[in-house]
Structure formats: C-alpha cells, structure tokens
Amino acid sequence: MAILEINNVSKQFGGLTALDNVSFQVEEGEIRGLIGPNGAGKSTMFKNIAGFQVPTKGSISYQGQSIEGKKPHTIAEMGIVRTFQETTLFQELSVFENALVGTHIRARSNVFSAVLGLDRLQQEAASEKVMEVLEFMGLIERKDQLASELPLGSQRALALSIALVSEPKVMLMDEPFAGMNGEETSHMMDLTRKVRESGITVVLVEHDMKAVMGLCNYLTVLNFGQVLAHGTPEEVRNNDKVIEAYLGGAK
Amino acid sequence: MNSNGGFTVQRMIIGVVALAALLATPHFLSFHHQDLLIFLTINVLAVCSYRLVTLTGEWSLIHAVMMGVGAYTVALLVNHFDLAIWFTLPLAGTAAGLVAALLCFPLLRMTQFYFLIGSFAAGEAIRLTWVEFVGVFGGTSGLRGVEAPIVFGIDFLDPIPYFYFSLAVVMLCLFILYRIENSRVGLTLHAIHWKSALAESVGVDAWRYRALAFIVGSFFVGIAGGLKIHYLGSVTPNQFTVSFMVFILIWVIVGGYNKFYGPIIGVVVLTIFDESIRSFEVLRPAIYGAMLILSILFLPLGLESVPGKIKSWFGVGSPPPEPPLSDQ
C-alpha cells in the first residue's frame, strides 16, 4: 500500500486554480520527484500535504488515514515533515539549538517539569539524538555557531537535520538544491540518499534536473496544476508532452 | 541555552555580596524611598513576566491590566474573606492566569499589530468593568481598606519587613521565569518567534505555546499586582491605565529585551534616574523623554548591551564574529 495517496486534489485561490484534480501515490521507501515548470503547483501541493493549506477538493491520505485539513503540527506528529524553500532556519539560534527544536515531538516538556527539572533524562536523550544527526550530516564541528553564520550548503544540511531529528516517516523537501554549486549539490545528493537509506520516504520538489534524474526513482510531472506525466526518470525524459511543457513546443 | 558554569565560586561570592547589599539597602533610605524600593521590586516582576509574553514575538498592551486583575483579586479576597497573604497571592496569579486563558481564544487569533490593538481593547474592557460595576469593584474610587497583613507577628505596614517579603516572593518568581526561559519550553518559544512555520513543521503547536506564554506571564504579573495592593491598601482602576503599560514597555525596551536581565536593568536604572531628577520639577518629563529617545537611538539593544560595547572599545575579550561575506 502506498504510504501517501493524493486523490483528485484541487486548490483554488479565488478564480485561480493552482491544483486541478491532481492524483498520485508515493510508495514507502522511494525518492519521489515532483517536477514541472515555474507555477505548475508543486509548492502548493507540498503546502496542502503538510497542512499549511487546505485543499478545496479531494483527499490526501497517509498510511490509510485521511490528513487533509489537519493542522501542520498534527501532520508532523503523524510523521510527515517538510523542509522549506530558500534557507528557512532559526537564524538567531545556534546550530545545536536549531536541531534541538526538531526533537519537539519526542522531547516536549511542560512548564512544571521544566521548572522542576523533571524532564532532564528526556532532554539528555534529545541532545544525544541531535549530536547523532549533526554527526551524520557533517555539522558537528559547527554546532555552536549561529545558523546565520553558516555557508549555504551547511544551512541546507541544517534544515535537513531539523527535519531529520524529528524522526519522520515521510520527508517533503522543497527545492533543496536551489542556488547550490556543483560540489554542494553532489554533497546534498549524498545526504538525501543517506536519509532514504535510514528508512525515510522522500518527496522532493526540484528544478535542478541533474539532481532529480540522479536521485529519484520515480517522477511526477505537474504543469498548470495538472499531472502531465508519471514515470521513471528515463521515461519522463523521453516523454513528448514533458519536453513540450519545458521547451515550449520547440521540437 | 545553558549558562556556562565557569567561575562558580566567584559567582557565588558576587551573589552573596549583592544579596547582602540588597538586604541592607532599605536601612539607608528615607521612608519615601523605602516605598519606592518596594514598588521597584514589584515592577521588576512586572517587566520580567512581560518578557515571557514577548518571547514568542507578540507584544501585548494588556499586561498592566492583568496586574490589576491580581490587585482586585487580592482586595476582594481580603475585604470579603479576610484571607491570609499565603493564599491571596497565588489566587491573584491564578485569577490573572484564568482571565488570560479565556482571552486567548479571541486574542490569539490575531498576530503582530492586530494582537497589540486587540489586547489593548480587551484590557480597556476589563478596566472599564472595574469603573462601571461600582457595587463589586467600587467604581473610580476603587476598593479601600485592604489592611496590611500581619505575618508571624510582623506588621507588613512597616516597609522594611514588607520589602524583605516582596523581595523573597519576586526572587522566587524570577527564578521560575528564568528556569522556564532556559528550558525546552523557552527554546520552543524562541523558535516560534524566529520562524513560526518551521517550528510548526516539526510538530510545535504554535497557538498553544503562545497561549502558554500569555497565561504564565499573566499569572506572574497577577502576583505582582497582589503584592502591590497588600502594601498600598487600596486599588483603583487608574493604577493600571495604558500609561502604566507604556512604562512597562519603556522599561523593557530601554533595558533590552534580548536578555533575561535586560528589563530588570531597565526598570532599576530608569526608576533611579526618574527619582534623581525630581528636583527639576516641571522639566522632569521632558528630561525623562529626551533620555528615552537618546537611549533608543544610541542603544537599540538596550542598556544590557553597554558592557559588551565597552569591552569591544577597549579590545577586552573577543569581538563578536563577523558574518561571512560570501559563501565561496
């Protein structure tokens, strides 16, 4: 059974249709690419899955449970965590603290145990988890630096770490390669593979075709809010409709 | 988030000396200044509890009125039930916390500027309730005759024992506020401030945490209001107008709201400053206003940032690291 099922989802903003009857399934353990030209509705799709927007029509189910209309924090608790476009971090907190926020679901505390220190063991476990993930992502030497002081590649790795420490089952990555140079891109690709190997299903929105083709085992192509094609990278690359959408009909 | 544990012996000595100085202070002051010292101590709790509310990035204009809720609670409890101070203070906090909890539902639907205005309107509504319901709250003349408590045979009408008592209460509250800010809960509040959507994406219920900060902050300012009324003996709606709220804002901003102790420095320095220009009479508000503008212009991070600046002028310690200019 598919871990994530999108069934006939539409999203309208006034008269504008951002998503039009979109359906696709994501299987457990895959790296799924969601591609398409600018304005195709990829990010809108992500926002609808992660609960930041509610679909106008259609249903989204995760592990057989309907999740559309649920709040972002509830969806995160169920196991779907997203990362953001650009570098969305807690810029004024240290690398370690940034990642520590990610442990919220398992290490949250209440005022009483926080004041009395009753949550110490729990917090120590959270710190250990953070150190483990920072080690895994190659950020351990920078753990006391402010997030705003990191170079771009490390900032993206940190964004990934925040998502990763929350121990999700599905990770939605929104343009993780945007603005990266070749070296940073290949490092990020390695990290993404490692994430998948640790048992997390990855769905990624990306424009960098080299990264998409190299990473994903299956692609869904959106255009003007509709699903244009599905297939393996090889199939999509040779799909006439896709070539037309990207190159504007010049064949 | 944890403070470094270095120089613990040195810190302990400084702490003991500071505490001894604090305890000795009222003995060198006039009666008028002893009063002022007690109100200053209480205002420290008001600004520190306000800081907790602002940690999520939301500034409210209802904090002064929440202090009033605590004050009225104490006045009513003492006048009608003659309760001891051990009960009235926690109940004052609880009443303010409960009012805040109810107000969360309309107010926290708003953020930023709208929240500011909404909280002001809600505060005025509460304050006007005290004015209009004369039978319960005594109208504009408020409630009087809240007799000073006598605890273990010590009459709290005397400023020195009451200063010691309020100092103890305030220090306990500050300790709790400090623990909250430096705990997991505090980290989550900071996270919501800097990037609410990112915090929510990893499972933080931002609404609940904003409510928590608002309720806990109101609880502690309710206690501050209770402390004030036990000493003053009367409460009126005019003690908690928006102009007192503006003072709270000024103390927090001038002191610096990025550090826990910033607002404390703000309220202490400005209170002493205001008192020291008392002899200028008519010029006093103008001097005070000019000081504020100057400090905000030249110290946007507050008085709290002064030691760091002096250090960097004289090259003591390492300057804060420059952010990298480019990623290459």
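Residues numbered from 1 in each chain as written. Chains lettered and ligands numbered in written order. Predicted model: local features only at pLDDT ≥ 70, side-chain atom pairs only at ≥ 80, totals over all residues.

Peer 1: What is the right way to look at the sheet that holds strand β1 (residues 4-13) of chain A in this model?
Peer 2: For sheets, the rule is that strands pair by backbone hydrogen bonds, running either parallel or antiparallel. Residue and element names in this part refer to chain A. Strand order in the open sheet made by the four strands is β2-β1-β4-β5, with antiparallel pairing throughout. Strands with a single pairing partner mark the edges of an open sheet, and in this sheet they are β2 (16-26) and β5 (65-66). With two bridges joining them, strand β4 (residues 57-62) and β5 adopt antiparallel strand pairing. From the neighbouring strand, Ser-61 faces β5, where its bridge partner is Ser-66. Together, β1, β2 and β4 form the strand contacts of helix α1 (residues 42-50), whose direction differs from that of β2 by roughly 65 degrees. (Pairing = 2+ DSSP bridges. Helix = DSSP H or I, 4+ residues; strand = E, 2+ residues; numbered from the N terminus. Contact = placed C-beta atoms within 7 Å. Axes fitted to C-alpha atoms, helices over the stretch in contact; angles between N-to-C directions.)

Peer 1: Would you take a moment to explain the interface of chain A and chain B for this structure?
Peer 2: Size of an interface, as often reported, equals the accessible area lost when the parts are brought together. Taken residue by residue, the interface counts 35 residues in chain A and 28 residues in chain B. Contributions of two or more residues to the side of chain A that touches chain B are made by α2 (72-78), β6 (80-82), α3 (95-101), α4 (104-107), α5 (111-116) and α7 (152-165) of chain A. With four residues, α2(A) is the largest single contributor of residues to the side of chain A that touches chain B. Residue classes in the side of chain A that touches chain B are distributed as 19 nonpolar, nine polar and seven charged. (Nonpolar A, V, L, I, M, F, W, Y, C, P; charged D, E, K, R; others polar.)

Peer 1: Explain helix α12 (residues 262-276) of chain B to me, please; I cannot follow it from the model alone.
Peer 2: Each turn of an α-helix holds 3.6 residues, which means side chains three or four residues apart point in the same direction. All names here are of chain B. Here α12 is 15 residues long and its end C-alpha atoms lie 21 Å apart, about the 21 Å a rise of 1.5 Å per residue gives. Taken as a whole, α12 has its buried residues at Gly-262, Pro-263, Ile-264, Gly-266, Val-267 and Leu-270. Where α12 is buried, its residues meet α2 (31-54) and α11 (242-255). (Expected span 1.5 Å × (residues − 1). Buried ≥ 20, exposed ≤ 12 C-beta atoms within 10 Å, placed from the backbone.)

Peer 1: Honestly, the domain arrangement of chain B in this entry has me stumped. Any pointers?
Peer 2: Residue and element names in this part refer to chain B. Split into domains, chain B comes out as domain 1 (9-240) and domain 2 (242-308). On a C-alpha basis, the centres of domain 1 and domain 2 stand 20 Å from each other. Contributing elements (two or more residues each) for the side of domain 1 that touches domain 2: α2, α3 (63-81) and α7 (159-181). (Domains from an automatic or database assignment.)

Peer 1: In this structure, what is going on with the pairing of strand β10 (residues 226-231) of chain A? I would like to understand it.
Peer 2: Residues and elements named next belong to chain A. Pairing analysis gives five bridges linking strand β9 (residues 218-223) to β10, with the strands arranged antiparallel. Considered in β10, the bridge of Thr-220 is made with His-230. Count of turn residues in the β9/β10 antiparallel hairpin: two residues, of which Phe-224 carries a positive phi of about 45 degrees.

Peer 1: Whenever I open this one, the nonpolar core confuses me. Can you help?
Peer 2: All names here are of chain B. With 162 residues, the main nonpolar core has Leu-45, Val-47 and Ala-75 as its most contacted residues. It is helix α10 (residues 206-232) that provides the largest number of residues to this core, a total of 15 residues. Looking at which domains feed residues into this core, each of domain 1 (9-240) and domain 2 (242-308) supplies at least three. (Core = buried A, V, L, I, M, F, W, Y, C linked by C-beta atoms within 7 Å.)

Peer 1: Sorry, what's going on with the environment of B:Leu91 here?
Peer 2: All names here are of chain B. Within the element layout of this structure, Leu-91 appears in helix α4 (residues 85-107). Here Leu-91 falls in the buried class, since 20 other C-beta atoms lie within 10 Å of it. A C-alpha to C-alpha distance of 8.6 Å links Leu-91 and Gly-222, two positions 131 residues apart in sequence. The residues contacting Leu-91, other than those within four sequence positions of it, are Thr-73 and Leu-77.

Peer 1: Honestly, the sheet that holds β10(A) in this entry has me stumped. Any pointers?
Peer 2: Residue and element names in this part refer to chain A. Across the sheet, six strands lie side by side as β6-β7-β8-β3-β9-β10; this open sheet has mixed pairing. Each having just a single partner strand, β6 and β10 make up the two edges of the open sheet. Strand-to-strand, the axes of this sheet are offset by a mean angle of 20 degrees, without reference to chain direction. Bridge analysis of strand β3 (residues 31-35) against β9 gives four bridges, and the strand direction is parallel. When the sheet's bridge partners are listed, Ile-35 is paired in β9 with Val-221. Sheet contacts for α1: β3, β6, β7 (170-174), β8 (201-205) and β9; angle to β7, the most-contacted strand, approximately 145 degrees. Helix α11 (residues 240-247) contacts β9 and β10 of the sheet and is inclined by roughly 130 degrees relative to β10.

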